[in-house]
Amino acid sequence: MKDLIIIGAGPAGLTAAVYALRAGRSVLLLEAKNYGGQIVNTPEIENYPGLKSVSGFDFAQALYEQATGFGAELVYEKACGIEDRNGIKAVLTESGHEYEGRAVIIATGAKNRPLGLPREEELIGRGISYCATCDGMFFRKKDVAVCGGGNTALEDAFFLSNYCNKVYVIHRRDEFRGSAKDLEKLKTRPNVEFVLNANVTDLIGDAKLTAVEVTDKLTGEKREIPVSGLFVAIGQIPDNLAFTGVAKLDGSGYIEAGEDCRTGTPGVYTAGDCRTKEVRQLTTAAADGAVAALAASSGLE
Ligand code: NAP
């Protein structure tokens, strides 16, 4: 049995592991996919204090090495429930295993929100992507589109404009949620075209994506934009339904907890993007990881 089981090895979970291990606790990390979480998809981080510029991949790698260097164990299994057994927490996984801990931190982050269009899933890997850093190079010298108006969309479009012939940025409003600095930087690129007040309403192409249908929100006019790739960057959705037995979710599926990261169930904490909060940044995920780990560790005294 471990002192602490941390579900999710993204920035929040890995930071929690570092803090708990340095507090003398034993830690098991459970991760459904890959360590690092969504930050591995970010081409360049420029707003993490003390690091002028680092790729998301390098950042995740360094944090993973830091946590495992302190003694964190990592098991690649998807947690599908938490049971309380006389104060001991049993974390159940989809592989049919159970891991016991004296406390649990849920740090499951969030996953990419799909557009919800017919054939979107079928065309993943055939033109549809949710990760510009992972798949951008496949579209070298081709025309692509990015859908979204947040930081991810702006950064993805900038990254893709280095390699692609043309990058359309399709956004449902004419104002951007992403940072003004990134927007200005993007506007300097001659191969970027903004398609504003517009929604992607259809995906065209049989075996592969060949075009997207875009509908102007103001006029209702439809047009086809020929592209080989569509990068969907319209935010994230949480994945916390497995934990409703021990944690309350808000209307959007985020775990309800304040800045102290306590869920209301003794011994169960939550950290990072999966928690209800105003600001979801790398810094706030790391901060949550520290707060949750220290609270969990002192709760074991
Ligand atoms: P986001 O900030 O939630 O932005 C999502 C964008 O997609 C918004 O522009 C939104 O439009 C649009 N959208 C949402 N649902 C849509 C739909 N169904 N159809 C069409 N468009 C839709 O998501 P994000 O850009 O992934 O960023 C998530 C968080 O990570 C943010 O807090 C962001 O600041 C942070 N982040 C930070 C960095 C960095 O600091 N380097 C990099 C990446 C992300 P509306 O604006 O109209 O709502």
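The model shown is predicted, which means the values in this text are computed figures rather than measured ones.

What counts as what
Residues numbered from 1 in each chain as written. Predicted model: local features only at pLDDT ≥ 70, side-chain atom pairs only at ≥ 80, totals over all residues. Heavy atoms only, no water. Salt bridge = Lys/Arg side-chain N within 4 Å of Asp/Glu carboxyl O. Buried < 20%, exposed > 50% of the residue type's maximum accessible area, 1.4 Å probe, protein only. Helix = DSSP H or I, 4+ residues; strand = E, 2+ residues; numbered from the N terminus. Polar contact = N/O pair within 3.5 Å; in protein donor to acceptor, adjacent residues only side chain to side chain. Pairing = 2+ DSSP bridges. Axes fitted to C-alpha atoms, helices over the stretch in contact; angles between N-to-C directions. Disulfide = S-S within 2.5 Å. Parallel < 35°, antiparallel > 145°, perpendicular 65-115°, else oblique. Left-handed = near helix turned anticlockwise from the far one by under 90°. Contact = heavy atoms within 4.5 Å. Near = heavy atom within 4 Å. Areas by Shrake-Rupley, 256 points an atom, 1.4 Å probe, with all protein chains shown as cover. Nonpolar A, V, L, I, M, F, W, Y, C, P; charged D, E, K, R; others polar. Domains from an automatic or database assignment.

Trainee: Can you walk me through the pattern of salt bridges in this structure?
Mentor: Note that side chains of opposite charge can pair when their charged atoms are close. The tally for this structure, following the rule as stated, stands at 17 salt bridges. Its salt-bridge partner being Lys 89, residue Asp 84 comes within 2.4 Å of it at the nearest N-O pair. Classification of Lys 89 as buried rests on a relative accessible area of 3%. A salt bridge links Lys 187 to Glu 184; its shortest N-O distance comes to 3.8 Å. A residue pair is termed a helical-turn pair when its members lie 3 or 4 positions apart in one helix, as Lys 187 and Glu 184 do in helix α5 (residues 180–187) at three residues. Residue classification places Glu 184 among the partly exposed positions, given a relative accessible area of 45%. Three or more residues joined by partner-sharing salt bridges are found here, namely Glu 83, Arg 85, Glu 98 and Glu 100.

Trainee: Which parts of the structure should I look at to understand the side chain of Asn 240?
Mentor: If you trace the backbone, Asn 240 turns up in the loop between β16 (236–238) and β17 (268–270). Polar contacts involving the side chain of Asn 240 include one to the side chain of Thr 108, which spans 2.8 Å.

Trainee: Would you mind showing me how to read the sheet that holds strand β13 (residues 211–216) here?
Mentor: The pairing of strands in a sheet comes from backbone hydrogen bonds and takes either a parallel or an antiparallel form. Spatially, the three strands line up as an open sheet ordered β12-β13-β14, and their pairing is antiparallel. Looking at the sheet topology across the chains shown, the edges are occupied by β12 (198–204) and β14 (222–226). The sheet shows a mean angle of 30° between the axes of neighbouring strands, direction not considered. By the bridge criterion, five bridges tie β13 to β14 in an arrangement that is antiparallel. Looking across to β14, one finds that Ala 211 is bridged to Pro 226.

Trainee: Sorry, what's going on with the state of the cysteines here?
Mentor: One way to say it: the disulfide is the covalent bond shared by the sulfur atoms of two cysteines. Counted according to the given criterion, the structure contains one disulfide. In this model Cys 131 forms its disulfide with Cys 134; the gap between the sulfur atoms is 2.0 Å. On the sign convention where negative is left-handed, the bridge of Cys 131 and Cys 134, at about 75° about the S-S bond, is right-handed. Between Cys 261, a cysteine without a disulfide, and Cys 274, which holds the nearest cysteine sulfur, the sulfur-to-sulfur distance is 9.1 Å.

Trainee: Explain the packing of helix α1 (residues 11–22) against helix α2 (residues 56–69) here, please?
Mentor: Packed helix pairs are characterised by how far apart their axes lie and by the angle those axes make with each other. Orientation of α1 relative to α2, taken along the N-to-C sense of each, is 30°, at an axis distance of 9 Å. Relative to α2, α1 is oriented roughly parallel. Where α1 crosses over α2, the two elements pack in a sense that is left-handed. Between α1 and α2, the residues in contact are Pro 11, Leu 14, Thr 15, Ala 17, Val 18 and Leu 21 and Ala 60, Leu 63, Tyr 64, Gln 66 and Ala 67, respectively.

Trainee: Where do I start with the site of the ligand in this structure?
Mentor: Surrounding the ligand, one finds 18 residues, the nearest of these being Asn 47, Thr 152, Arg 173, Arg 177 and Gln 281. Within the contact set of the ligand, an oxygen atom lies 2.9 Å away from a backbone nitrogen or oxygen of Arg 280. Contact distances for the ligand include 2.7 Å between an oxygen atom and a side-chain N or O atom of Gln 281. Out of a free accessible area of 910 Å², the ligand has 79% covered by protein chains. Top contributing element to the shell around the ligand by residue count: helix α4 (residues 151–161), with three residues. Partitioned by chemical class, the residues of the shell around the ligand number two nonpolar, ten polar and six charged. Two domains each put at least three residues into the shell around the ligand: domain 1 (2–111 + 236–299) and domain 2 (128–232).

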